[in-house]
Amino acid sequence: VQLQASGGGLVQAGGSLRLSCAASGRTFSSYDMGWFRQAPGKEREFVAAIRWSGDGTYYANSVKGRFTISRDNARRTVYLQMNSLKPEDTAVYYCAADTGYSRSLNTKDYDYEYWGQGTLVTVSS
């Protein structure tokens with residue numbers, strides 16, 4: 001599985017961005033997908049995850065109500081719509097694939113086997 005994240009950039013506080021993550025491989029529709037982020041000097045943290053079928057999502061408290069994760073299995077793409085952005089959302093954002101079986105969505109980075117290269121989001125105040 002290869003993942004390619006895109007859509008990052010510079011935005012003012014209160015603005016919006018949509019990140020995309022394109023995946024290779026015919027079995028994309030069977031993977032749970034997640035977004036993580038890493039701010040300068042901080043550890044990587046969970047942002048959001050979505051079930052392989054798209055019918056279940058989970059968010060970090062810090063982004064709940066502002067970010068929306070979605071996927072289009074026909075396009076092998078997962079999205080992260082980010083609204084009401086804050087300076088503290090500044091980070092490199094990574095998409096990741098969880099190819100293992102889980103009863104619930106995973107929030108730990110070690111549960112995700114494949115990672116994209118990251119895309120930088122900078123929110124100015």
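To be clear, the structure that these remarks concern was listed above.
The written sequence of each chain sets the order in which its residues are numbered from 1. Per-residue local features are limited, in this predicted model, to residues with pLDDT of at least 70; the limit for side-chain atom pairs, both in listing and counting, is 80 or more; totals at the level of whole chains, interfaces and linings are taken over all residues. Hydrogens are left out, water is left out, and the side-chain values use all remaining heavy atoms of the structure.

Some words on the packing of aromatic side chains
The pairing test for Phe, Tyr and Trp rings, Trp by its six-membered ring, is centres within 6.5 Å, and the orientation test on the planes gives stacked under 30 degrees, edge-to-face over 60, and tilted for anything in between. All chains considered together, the criterion is met by 6 aromatic pairs. Among the aromatic residues, those joined into a cluster by ring pairs are Phe36, Phe46, Tyr58, Tyr94, Tyr112 and Trp115. Our definition puts a charge over a ring when NZ of Lys or CZ of Arg is within 6 Å of the ring centre and also within 35 degrees of the ring normal. The ring of Phe28 is capped by Arg71, whose NZ or CZ atom sits 4.5 Å from the centre of that ring.

Quick look at the sheet that holds strand S1 (residues 3-6)
Two strands pair under a simple rule: DSSP has to find at least two bridges between them. Put simply, DSSP marks the helices as runs of H or I at least four residues long and the strands as runs of E at least two long, and each gets a number from the N terminus on. Strands sit in the order S1-S3-S8-S7 across an open sheet of 4 strands; the sheet is antiparallel. In the strand order of this sheet, the two ends are held by S1 and strand S7 (67-72), each with one partner. Looking at each pair of strands side by side, their axes are set apart by 15° on average, direction ignored. Sheet topology places S7 next to strand S8 (residues 77-82); 6 bridges connect them, and they run antiparallel. Residue pairing in the sheet places Thr68 in a bridge with Gln81 of S8. Throughout, an axis means a line fitted to C-alpha atoms (over the contacting stretch in the case of helices), and angles, computed between N-to-C directions, take values from 0 to 180 degrees.

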